[in-house]
Amino acid sequence: LLEGIKQQEAEILAITSNKENPTFDNTIVALEKSGKLLSKVNTVFNNLNGANTNDELQAIAKEVAPILAEHSDNINLNDALFKRIKIVWDQQSNLQLNQEEKKLLENTYKRFVRNGANLNTSQKERLRAINSELAILTLKYGQNVLAETNKYELIISNKNELVGSPESVIAAAAAEAKGKGKEGKWIFTLSNASVMSFLQYSANRQLRKEIWNAYQLRSNNNNDNDNKVLAIQMANLRREKAQLLGYKSHAAYVLELSMAKNPEKANQLLLDL
């Protein structure tokens, strides 16, 4: 990851140091092609950390989160780079770009604007601080949910309490128990394949209620993995970031590039449904 950052920094420097006038190829395409190693390694790492994590991977994620956030800001808030992008953007009517190239130019320009390229110096510094803090809080939030998910077990000793569940679900719960040294029992966890199957099929209302509450109240139990304070901190930082960038709310910022475009239309869709 660090080597990928180093390589992309050199690639960005090559773009901003280019003495030739900014063109679609030497600026937009060059930027699009930068960071290949970082992108590849980060994709593999994030998928591995998301699907098959361990203490070492989580420690690495915690260490690199603010580093990656800083690297992203160093690109998005690079005045020399954005100046070249804007020159190409302003000249687009004369460039004879095809549809794919037009879309790439539009996405690149909008990405920089939405990430603070037009802010003044003090605003950019505050944005950097917010992004760094959000990167750490978001990671911690996810790790807390994962810890809560992994911690919970619904252990069933009486097969009569499995009424309603098909044999495939019962077999999976038996295998889960056997793998944890509790052969002869059945274990349901908060992993989606387990909890959702139990909720769908089990005829035992009390046990459904127990596992549903465990599922919906993850990281909301006033323990070491509680996320209530983190959620408030993240919401406030997201609101501040959105308003710093000229949006009314975080929702307005996020939805701008979506089909709905704004919170009002998103809410209307939900009401219509």
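For the structure, see preceding data.
Keep in mind it's a predicted model, so treat the numbers as computed, not measured.

K.L.:
Go over the pattern of salt bridges, please, and point to the residues and values.
P.N.:
Taken as a whole and assessed by the stated rule, the structure comprises 11 salt bridges. With a closest N to O distance of 2.8 Å, Glu106 and Lys110 form a salt bridge. Taken together, the residues Glu106 and Lys110, both in helix H6 (residues 99-114) and 4 residues apart, mark about one turn of the helix. When the shortest N-O distance is used, the salt bridge between Glu240 and Arg126 registers 2.7 Å. Taken together, the residues span a long stretch of sequence, with Glu240 in helix H11 (residues 228-244) and Arg126 in helix H7 (residues 121-151) at a distance of 114 residues. Glu240 sits in the partly exposed class, given a relative accessible area of 31%.

K.L.:
So what's going on with the environment of Arg218? Which residues, and what values?
P.N.:
Along the chain, Arg218 falls in the loop between helix H10 (205-216) and H11. Sequence separation between Arg218 and Leu190 is 28 residues; the distance between their C-alpha atoms is 9.3 Å. Side-chain polar atoms of Arg218 contact the side chain of Thr149, separated by 2.9 Å. Of note is the side chain of Arg218, whose polar atom sits 2.9 Å from the backbone oxygen of Tyr215.

K.L.:
Provide a residue-level description of H10, including the pertinent values.
P.N.:
The first and last C-alpha atoms of H10 sit 16 Å apart over 12 residues, in line with the 16 Å expected at 1.5 Å per residue. All buried positions along H10 are accounted for by Leu207, Ile211, Ala214 and Tyr215. The arc enclosing the buried residues of H10, seen along the axis, measures out at 100°, which places them on a common side. Away from the buried face of H10 by more than 90 degrees, exposed residues Arg205 and Gln206 are located. In this structure, the buried side of H10 is in contact with strand E1 (154-156), strand E2 (186-188) and helix H9 (192-201).

K.L.:
Requested: an account of the packing of aromatic side chains, with residues and values cited.
P.N.:
Aromatic rings in a pair are described by how distant their centres are and how their planes are angled relative to each other. Tallying each qualifying case throughout the model produces 6 aromatic pairs. An angle of 75° between the planes, with centres 5.2 Å apart, marks the rings of Tyr247 and Tyr253 as edge-to-face. Assessed through its relative accessible area of 17%, Tyr247 is described here as buried. Among the aromatic residues, those joined into a ring-pair cluster are Phe82, Trp89, Tyr109 and Phe112. Between the NZ or CZ atom of Arg218 and the centre of the ring of Tyr215, over which it lies, the distance is 4.2 Å.

K.L.:
Describe in detail H6, supporting the description with residues and values.
P.N.:
An α-helix turns once every 3.6 residues. As a result, residues three or four positions apart point the same way. Compared with an ideal rise of 1.5 Å per residue, which puts 16 residues at 22 Å, H6 spans 22 Å between its outermost C-alpha atoms and is within 8% of the ideal. Listed as buried for H6 are Leu105, Thr108, Tyr109, Phe112 and Arg114. Elements in contact with the buried residues of H6: helix H2 (24-33), helix H4 (55-76), helix H5 (79-90) and helix H12 (250-255). The opening residue of H6, the one whose side-chain oxygen lies 3.1 Å from the backbone nitrogen of Glu100, is Asn98. One or two steps after H6, the chain reaches Gly116, where phi turns positive at roughly 100°.

K.L.:
Explain the packing of helix H1 (residues 2-16) against H5 to me, and be specific about the residues and the numbers.
P.N.:
One can describe the packing of H1 onto H5 by two numbers: an axis separation of 9 Å at closest approach and a directional angle of 55°. Between H1 and H5, the angle is such that the two are oblique. For the pair H1 and H5, the sense of crossing is left-handed. Within the contact between the two elements, H1 uses Ile12, Ile15 and Thr16 and H5 uses Ala80, Leu81 and Arg84. Partitioned by chemical class, the residues of the contact of H1 with H5 number 4 nonpolar, 1 polar and 1 charged.

K.L.:
Report on unusual backbone geometry, specifying residues and quantitative values.
P.N.:
Although it is not a glycine, Gln96 sits at a positive phi angle of roughly 55°. Within the secondary structure layout, Gln96 lies in the loop between H5 and H6. A residue is classified by how much of its surface remains accessible, and Gln96, at 78% relative accessible area, is exposed. Despite not being glycine, Lys261 has its phi angle at roughly 80°, a positive value. Mapped onto the secondary structure, Lys261 falls in the loop between H12 and helix H13 (263-272).

K.L.:
With reference to specific residues and values, describe a nonpolar patch on the surface.
P.N.:
On the surface, a cluster of nonpolar side chains totalling about 370 Å² of accessible area is made up of Leu269, Leu270 and Leu273. Locating Leu270 in the fold gives a position in helix H13. Look at Leu270 and you get exposed, because its relative accessible area is 59%.

K.L.:
Tell me about the environment of Glu32, residues and numbers included.
P.N.:
Relative to the helices and strands, Glu32 resides in helix H2. With 68 residues separating them along the chain, Glu32 and Glu100 place their C-alpha atoms 13 Å apart.

Criteria and thresholds
- Residues numbered from 1 in each chain as written.
- Predicted model: local features only at pLDDT ≥ 70, side-chain atom pairs only at ≥ 80, totals over all residues.
- Heavy atoms only, no water.
- Salt bridge = Lys/Arg side-chain N within 4 Å of Asp/Glu carboxyl O.
- Helix = DSSP H or I, 4+ residues; strand = E, 2+ residues; numbered from the N terminus.
- Buried < 20%, exposed > 50% of the residue type's maximum accessible area, 1.4 Å probe, protein only.
- Polar contact = N/O pair within 3.5 Å; in protein donor to acceptor, adjacent residues only side chain to side chain.
- Expected span 1.5 Å × (residues − 1).
- Arc of directions from axis to C-beta.
- Contact = heavy atoms within 4.5 Å.
- Phe/Tyr/Trp six-rings, centres within 6.5 Å; stacked < 30°, edge-to-face > 60°.
- Lys NZ or Arg CZ within 6 Å of the ring centre and 35° of its normal.
- Axes fitted to C-alpha atoms, helices over the stretch in contact; angles between N-to-C directions.
- Parallel < 35°, antiparallel > 145°, perpendicular 65-115°, else oblique.
- Left-handed = near helix turned anticlockwise from the far one by under 90°.
- Nonpolar A, V, L, I, M, F, W, Y, C, P; charged D, E, K, R; others polar.
- Patch = residues over 30% accessible without salt bridge, like charges linked within 9 Å, V, L, I, M, F, W, Y side chains within 5 Å.
- Areas by Shrake-Rupley, 256 points an atom, 1.4 Å probe, with all protein chains shown as cover.

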